[in-house]
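So you can see what is in the structure, the chains are spelled out below.
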Amino acid sequence: MHPQLLVIGGSARAAVWSATPVFEKIAAIDRFGDLDLREFASVGVTASLRRKEVCRIMEEKGWLDGRSPLVVIPAGGMENQPTLWKWLQVNTQFAGTDWRHVRRVRDPKALGQALKDSDVRFPESRFSGEPLPKEGAWLLKSKNSGGGIQVSSWTRPKDLTFKLQLWASSEYVQRQIDGSDYAATYVACQGRVELIGVTSQLCGLSEFGARGHWYCGSVGPIPMDAASTRTLMQLGQRLVGDFELEGVFGVDLRWDGDSWWLLEVNPRYPAGAEVLERNAERSVTQAYWNAREGLPVDWPTASKPGMIAKGIWFNQGESMGPIADFDFERVKSRGVPWKREIADIPASTGVIPHGFPVFSAFSEVSTVEDSIERLITTARIWETLIFATI
């Protein structure tokens with residue numbers, strides 16, 4: 001099969017599902033090769049998203065034979081692969097932001113400067129060679145990470161006369177902002193932008209096996225008052241105007257009770273988009289393609305009652321797998337994929353180390369507070385069915 005579309009990312013399943021209303025022949029390269037990814041795509045699996053490895057897979061699969069144009073959509077983690085991103089821009093029909101602007105929008109200095117006179121605030125950040133922060137709680141972060149994996153508390157040295165010294169050039173420290181975690185999903189096309197919706201983010205929940213600041217789920221859509229809707233729409237317009245973002249993208253936010261704070265921009269299909277799609281029964285990729293063709297984005301302004309909760313279930317024990325004598329047809333019988341209560345189902349040959357994601361669970365909920373218990377119940381049932389743990 002020669003694909004029309006190739007999705008590349010750490011986990012490509014959600015972005016592939018989102019693309020099915022637009023493309024018939026889809027391929028994907030990601031780290032997992034999950035069973036329900038293979039329902040809709042020809043799959044290449046790699047532990048690395050480096051250009052050499054991705055190109056090897058593309059050549060072996062015949063996805064670069066030039067018979068027809070290949071559209072590429074970036075998914076999670078691609079923003080940390082500059083060499084691959086730039087190569088795809090030149091050699092494929094790349095449906096994303098130019099790398100020059102990705103580099104800038106991922107730079108906390110550039111973001112802070114862009115938001116100086118905005119209603120959305122940006123946390124104070126310090127870099128190697130700058131004066132040490134003398135008060136407040138701070139986090140150690142990296143420009144080359146994702147999902148909160150490389151975020152940790154930063155301990156201030158006793159001697160404050162020294163300059164800040166960090167191990168890697170990609171590292172920086174950022175003032176910790178207390179509040180609630182959210183994310184917004186946008187569609188941008190040729191300078192125009194639409195706010196698709198807002199989700200609450202679940203982070204670091206030990207019940208899911210997550211640690212620290214790890215992202216482990218989304219709940220949404222979250223109703224926004226008129227002021228917040230206007231503020232977040234203006235944020236999207238500013239980001240697209242200043243950084244020329246293109247395609248589906250997301251922003252990580254924090255609400256401190258008085259103000260919105262921008263923590264990070266993800267210039268590709270974001271994790272929270274999937275719950276918005278499930279609730280609206282629409283595809284954000286379809287919305288973007290509508291915009292590319294000069295059609296209305298056609299996203300419903302009012303969401304259905306209730307919310308969709310998504311939780312990522314991490315392996316909390318020793319290495320897990322291979323999966324038991326599990327009938328994947330049992331999952332398929334639960335209906336179309338975007339109606340099922342489980343996704344990202346591991347391949348039968350895989351062994352999942354401690355701390356790695358196992359699968360994603362979904363549930364319909366009425367409040368964010370209900371979501372954690374409902375997701376835990378769903379996840380434990382499916383963990384038993386897949387791995388025969390009892």
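Our structure is the block above this text.
Every value quoted in this text rests on a predicted model; they were computed, and no experiment measured them. Throughout this document, residue positions are counted from 1 along each chain, in the order its sequence is written. Local features in a predicted model are, by the rule used here, given only for residues with pLDDT of at least 70; side-chain atom pairs are given and counted only at 80 or more, and totals for whole chains, interfaces and linings are based on all residues. Each side-chain value is worked out from all heavy atoms of the structure, with water and hydrogens disregarded.

### Some thoughts on the nonpolar core
Residues L235, L239, F249, V251 and L262 are the most contacted members of the largest nonpolar core, which totals 56 residues. Not counting chain neighbours up to four residues away, the residues in contact with F249 comprise A184, T185, Y186, A188, V193, L239, V240, V265, N266, P267, R268 and P270. Put simply, a nonpolar core is a bunch of buried Ala, Val, Leu, Ile, Met, Phe, Trp, Tyr and Cys residues held in one set by side-chain atoms that sit within 4.5 Å of each other. Each residue is placed in one exposure class: buried if its accessible area under a 1.4 Å probe, protein chains only, is under 20% of its type's maximum, exposed if it is over 50%, and partly exposed if it falls in between. Counting residues in hydrophobic clusters, the runner-up holds 32 residues, among them V7, I26, A41 and I196. For this analysis, residues touch if any pair of their heavy atoms sits within 4.5 Å.

### Here we look at the pattern of salt bridges
The term salt bridge refers to a pairing of a side-chain nitrogen on Lys or Arg with a carboxyl oxygen on Asp or Glu at a separation within 4 Å. Evaluation of the coordinates by the stated rule reveals 17 salt bridges. As a salt-bridge pair, R254 and D181 come within 2.6 Å of each other at their nearest N and O atoms. Of this pair, R254 sits in strand 13 (residues 247–255) while D181 sits in strand 10 (residues 180–189); the two residues are 73 residues apart in sequence, bridging distant segments of the chain. Of the two residues, R254 and D181, both sit in the buried class. When the shortest N-O distance is used, the salt bridge between K310 and E274 registers 3.1 Å. Linking K310 in strand 15 (residues 307–314) with E274 in helix 7 (residues 273–280), this pair joins segments that are 36 residues apart in sequence. Residue K310 is classed as buried on the basis of its relative accessible area, which comes to 6%. The exposure class assigned to E274 is buried, which follows from its relative accessible area of 4%. By the criteria applied, helices consist of DSSP H or I runs no shorter than four residues and strands consist of E runs no shorter than two, each listed in order from the N terminus.

### Here we look at the pairing of strand 4 (residues 71–74)
Neither face of strand 4 is left uncovered, since the one carrying V71 and I73 and the one carrying V72 and P74 both have all their residues buried. Two strands are counted as paired when DSSP detects at least two bridges linking them. In this sheet, strand 4 lies alongside strand 1 (residues 5–8) in parallel orientation, the contact comprising four bridges. Within strand 4, the residue paired with V7 across the bridge is I73. With helix 3 (residues 82–91) bridging strand 4 and its parallel neighbour strand 5 (residues 93–94), the resulting β-α-β unit is right-handed. Throughout, right-handed denotes a crossover for which the path from the first strand over the helix to the second runs clockwise when the strands point away from the viewer.

### Examining the environment of F328
Mapped onto the fold, F328 is located in helix 9 (residues 328–332). In sequence terms F328 and L35 are 293 residues apart; their C-alpha atoms lie 7.9 Å from each other. Discounting residues that sit within four places of it in the chain, F328 has contacts with L35, D36, E39, R340 and I345.

### Considering the sheet that holds strand 3 (residues 42–45)
Taken in spatial order, the five strands of this open sheet run 3-2-1-4-5, and their pairing is parallel. The two strands at the open ends of the sheet, each matched to only one other strand, are strand 3 and strand 5. Bridge count between strand 2 (residues 26–30) and strand 3: four bridges; the pairing is parallel. Residue D30 lies in a different strand from strand 3, and its bridge partner there is V45.

### Quick word on the sheet that holds strand 9 (residues 171–175)
Ordered by their spatial adjacency, four strands build an open sheet running 6-9-7-8, and the pairing between neighbours is antiparallel. The strands lining the two open edges of the sheet, one partner per strand, are strand 6 (125–126) and strand 8 (152–154). Sheet topology places strand 7 (residues 138–142) next to strand 8; three bridges connect them, and they run antiparallel. Each bridged residue has a counterpart across the sheet, and for L139 the counterpart in strand 8 is S153.

### Some remarks on the packing of aromatic side chains
The geometry of an aromatic ring pair is captured by the separation of the ring centres together with the interplanar angle, meaning the angle of the planes. A pair of Phe, Tyr and Trp rings is counted when the ring centres sit within 6.5 Å of each other, with Trp represented by its six-membered ring. The angle between the planes then sorts it: under 30 degrees is stacked, over 60 is edge-to-face, the rest tilted. On inspection of all chains with the given rule, the structure shows twelve aromatic pairs. Ring geometry for Y182 against W260: centres 5.4 Å apart, planes inclined by 75°, an arrangement best described as edge-to-face. One end of the pair, Y182, is in strand 10; the other, W260, is in strand 14 (residues 260–266), and 78 residues separate them in sequence. Aromatic rings pair up to connect W17, F40 and W338 into one cluster. Here K109 stacks its cationic end above the ring of F127, 4.7 Å away from the centre of that ring. Should the NZ of a Lys or the CZ of an Arg lie within 6 Å of a ring centre and within 35 degrees of the ring normal, that charge is described as sitting over the ring. The ring of F362 carries R278 above its face, with NZ or CZ at 3.6 Å from the centroid.

### Section: helix 3
For helix 3, every residue scored as buried is listed here: L84, W85, W87 and L88. Angular distribution of buried residues about the axis of helix 3 spans 165°; they occupy a single face of the element. Next to the buried residues of helix 3 lie strand 1, helix 2 (51–61), strand 4, strand 5 and helix 4 (99–105). Each direction from the helix axis to a C-beta atom contributes to the arc, which is the arc of those directions.

### Points about the environment of R211
With respect to the secondary-structure elements, R211 resides in the loop between strand 11 (192–203) and strand 12 (215–220). Residue classification places R211 among the partly exposed residues on the basis of a relative accessible area of 42%. Residues R211 and I149, 62 residues apart in the sequence, show an inter-C-alpha distance of 8.5 Å. If we ignore the near neighbours within four places in the chain, the residues touching R211 are G204, H354 and G355.

### What to know about empty space enclosed by the protein
Both site types are read off a 1 Å grid over the protein atoms alone. A 1.4 Å probe that fits but cannot get out defines a cavity, while an open set with protein on both sides within 12 Å along at least five of seven lines defines a pocket; lining residues have an atom within 4 Å of a point. Grid points are joined across faces, edges and corners, and a volume is the space filled by probe spheres set on the points. The tally for this structure, following the rule as stated, stands at two cavities of 30 Å³ or more. Size it by volume and the largest cavity reaches roughly 100 Å³. Every residue along the wall of the largest cavity is listed here: I73, P74, A95, G96, E246, G247, V248, P267, R268, Y269, T285 and Y288. Mapped onto the lining of the largest cavity, the elements with two or more residues apiece are strand 4, strand 13 and helix 8 (284–292). Three categories are distinguished: nonpolar for Ala, Val, Leu, Ile, Met, Phe, Trp, Tyr, Cys and Pro, charged for Asp, Glu, Lys and Arg, and polar for the others, with Gly belonging to the last. Residue composition of the lining of the largest cavity, by class: seven nonpolar, three polar and two charged. What lines the second largest cavity is simply V105, R106, D107, P108, L111, S142, K143, Y172, L263, E264 and V265. Elements with a minimum of two residues in the lining of the second largest cavity: helix 5 (108–114) and strand 14.

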